[in-house]
Amino acid sequence: MTTHAQDPAAVGPFAIQGRLGRGAMGAVYLARSPGGRLVAVKVVRDELAGDSGFRARFAREIDAARRVSGAFTAAVVDADPSADRPWLATEYLPGPTLQKAIETSGPLPPDAVRSLASGLAEALAAIHASGLVHRDLKPSNIVLSGNGPRVIDFGIARALEEASLTATGMVIGTPGYLSPEQITGTGVGPASDVFALGAVLVFAASGRGPYASGSPASLLHRIVNEQPHIPPLPGPLHDVVRRCLARDPAQRPTPAEVLRTLGPATNQPPGLPSPTKVMPAEGVPERFTRSGPAGAVPLPVPPVPAAPQVAGATFTTSRRRPGVLAALTTFGWLAFIPADPQVKALHPVLSTLSALISLTFLYFAVRHWLLVLRPKVVVRLSPDGLTVTRRRRQATVPWSGVTRLRIGGDMKRPWLDAWLESPHQNQLPIARRHNGGLRIYPIAHGASQNSRRTQVNELRAALNWYAARIHDTSY
């Protein structure tokens, strides 16, 4: 737990003890109620507090969150969506998160993973029954309490996701635990939480996610295009995890089906560390740790790994396949040129057919040579903005200067189109103008259909990650 000079002394009736962390919505504080109870208080960021639409959605989410049973989640204690900076106080759960438990004690044994799966399925069933979708289920949002796993930070993600944010490049969720439909923007529902449940269980069983690690863009690409890596798990547990991670939401089980398959959870799954003996509760200072004969006994706090560096996502046109096809079709054109006049005279039909074949090869040779000779284009999406390199020209437009990005054209010749603010209209080295925007990148033109589809999906994932607010998904 940390303290900062700008931290408030109190939020509503709660006295702030220190900062637990900071996320996309704002800061989270450990606080005491007037009666001395510990609570977790989330305070909304200034830029979101000024958004009236966000305030209304935040209030609706608070009302919905109150309906979720506290047996499975952190119960809402109090809230004020109309405050200068809206806040929400929830029950403080004295236990480690699943993330810290795995980092400290290593992967769980199969029986513990099975019990964890049942407990989380029960929690998701309660959340979904109240009309909520969590949208960001991950190990750091799961607290291992003495009465089973509890899910935190539910529901609020929807208010944040729908807000008109001034910040760009924001996708609600965590790479590695997002479902394919969240990445491609094709709709989010209860099945998205089930996908995240499968990813959480893989992490609990192996200490790593089903799609390994890497930059956010690479993780999102693997989720959309590759199969998950699932460690060996006994009996029905392996099948449950495999079905949870299905790309098609319709193929995933419901939380109720997971419960029926695996059976009930135990209060303290075997193999899980005891929160009172292994580590302090998440973010609690030493004065709140367990007591021994000599008073408060400080417990070791596991190191928190540094966040991975975000390197951005780069897409480059390739000449390899067009070059091979250009060479082959050129050879075919030369091979069928009817050069001997005697052959033309003796076999006019064969000569005409040969000429037609030669012209066909020539047509395709020209098409592929044009692709080979086109300027190389490199597009880079990063937290700083959109960078385009064409020939020897390179320019970067910050996200504040981009109003819209869209994958246009058809699947045979898709393009990345961009619409820019007027000061940046002539900044990028573009191919041509189109419908008031700029066609800045030919997506895998000349490549195979599978390669083209893969790059479209990868580019779509990167757009959702780095420029979700301006990504037009109508293609």
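Everything below is about the structure printed above this text.
Residues numbered from 1 in each chain as written. Predicted model: local features only at pLDDT ≥ 70, side-chain atom pairs only at ≥ 80, totals over all residues. Heavy atoms only, no water.

### Points about the sheet that holds strand β18 (residues 437-442)
Next up, step 1: Ordered by their spatial adjacency, five strands build an open sheet running β17-β18-β16-β15-β19, and the pairing between neighbours is mixed. Each of the sheet's edge strands pairs with one partner strand only, and the pair in question is β17 (432-434) and β19 (471-472).
Next up, step 2: The strands touched by helix α14 (residues 449-466) within the sheet are β15 (402-410), β16 (413-420), β18 and β19, with β15 carrying the most contacts at an inclination of about 165°. (Pairing = 2+ DSSP bridges. Helix = DSSP H or I, 4+ residues; strand = E, 2+ residues; numbered from the N terminus. Contact = heavy atoms within 4.5 Å. Axes fitted to C-alpha atoms, helices over the stretch in contact; angles between N-to-C directions.)

### Focus on the sheet that holds strand β11 (residues 313-316)
Either a parallel or an antiparallel arrangement is found when strands of a sheet pair, and the pairing is made through backbone hydrogen bonds.
Next up, step 1: Strand order in the open sheet formed by four strands is β11-β12-β13-β14, with antiparallel pairing between adjacent strands. Of all the strands in the sheet, just β11 and β14 (393-398) have a single pairing partner and so form its edges. Geometrically, the sheet is characterised by an average inter-axis angle of 15° between neighbouring strands, direction not taken into account.
Next up, step 2: In this sheet, β14 lies alongside strand β13 (residues 385-390) in antiparallel orientation, the contact comprising six bridges. Paired with threonine 387 across the strands is threonine 396, a residue of β14.

### Looking at helix α10 (residues 255-262)
Next up, step 1: All buried positions along α10 are accounted for by Pro255, Val258 and Leu262. Buried residues of α10 fall within an arc of 55° about the axis and therefore sit on the same side.
Next up, step 2: Just downstream of α10 lies glycine 263, where phi reads positive at about 85°. (Buried < 20%, exposed > 50% of the residue type's maximum accessible area, 1.4 Å probe, protein only. Arc of directions from axis to C-beta.)

### Concerning the packing of helix α9 (residues 235-244) against α10
Next up, step 1: Between α9 and α10, the shortest axis-to-axis distance is 10 Å and the interhelical angle comes to 170°. The angle between the axes of α9 and α10 places the two elements in the roughly antiparallel class. Considering how the two elements wind past one another, α9 and α10 form a crossing that is right-handed. Residues Pro236, Leu237, Val240, Arg243 and Cys244 of α9 lie in contact with α10, whose contacting residues are Glu257, Val258, Thr261 and Leu262.
Next up, step 2: Along the lines of polarity and charge, the residues of the contact of α9 with α10 split into six nonpolar, one polar and two charged. (Parallel < 35°, antiparallel > 145°, perpendicular 65-115°, else oblique. Left-handed = near helix turned anticlockwise from the far one by under 90°. Nonpolar A, V, L, I, M, F, W, Y, C, P; charged D, E, K, R; others polar.)

### Let's talk about unusual backbone geometry
Next up, step 1: A positive phi is found at arginine 135, a non-glycine position, where the angle reads about 75°.
Next up, step 2: Its identity is not glycine, yet alanine 444 carries a phi of approximately 55°, on the positive side.
Next up, step 3: Position of alanine 444 relative to the elements: it lies in the loop between β18 and α14.

### Some details on the nonpolar core
Next up, step 1: If you look at the biggest cluster of nonpolar residues, it comprises 81 residues, and the most contacted ones within it are Leu98, Leu381, Leu386, Trp399, Leu405 and Ile440.
Next up, step 2: Once residues within four sequence positions are removed from consideration, isoleucine 440 is found in contact with Val377, Val379, Leu386, Val388, Trp415, Leu416, Ala418, Leu428 and Ile430.
Next up, step 3: Counting residues in hydrophobic clusters, the runner-up holds twelve residues, among them Ala27, Val41, Trp87 and Ala89. (Core = buried A, V, L, I, M, F, W, Y, C linked by side-chain atoms within 4.5 Å.)

### Considering the environment of alanine 125
Next up, step 1: Summarising the element assignment, alanine 125 is placed in helix α4 (residues 110-129).
Next up, step 2: Expressed as a C-alpha distance, the spacing of alanine 125 and alanine 256, which sit 131 residues apart in the sequence, is 6.6 Å.

### A closer look at empty space enclosed by the protein
Next up, step 1: One pass over the structure, following the stated rule, counts one cavity of 30 Å³ or more.
Next up, step 2: Put simply, the largest cavity is a space of about 40 Å³.
Next up, step 3: Forming the boundary of the largest cavity are Arg135, Asp136, Leu137, Tyr177, Leu178, Gln182, Ser192, Asp193 and Ala196.
Next up, step 4: It is helix α7 (residues 190-206) that provides the largest number of residues to the lining of the largest cavity, a total of three residues.
Next up, step 5: In terms of residue class, the lining of the largest cavity is built from four nonpolar, two polar and three charged. (1 Å grid on protein atoms, 1.4 Å probe; cavity = no way out; pocket = protein on both sides within 12 Å on 5 of 7 lines; lining within 4 Å. Points joined across faces, edges and corners; volume = space filled by probe spheres on them.)

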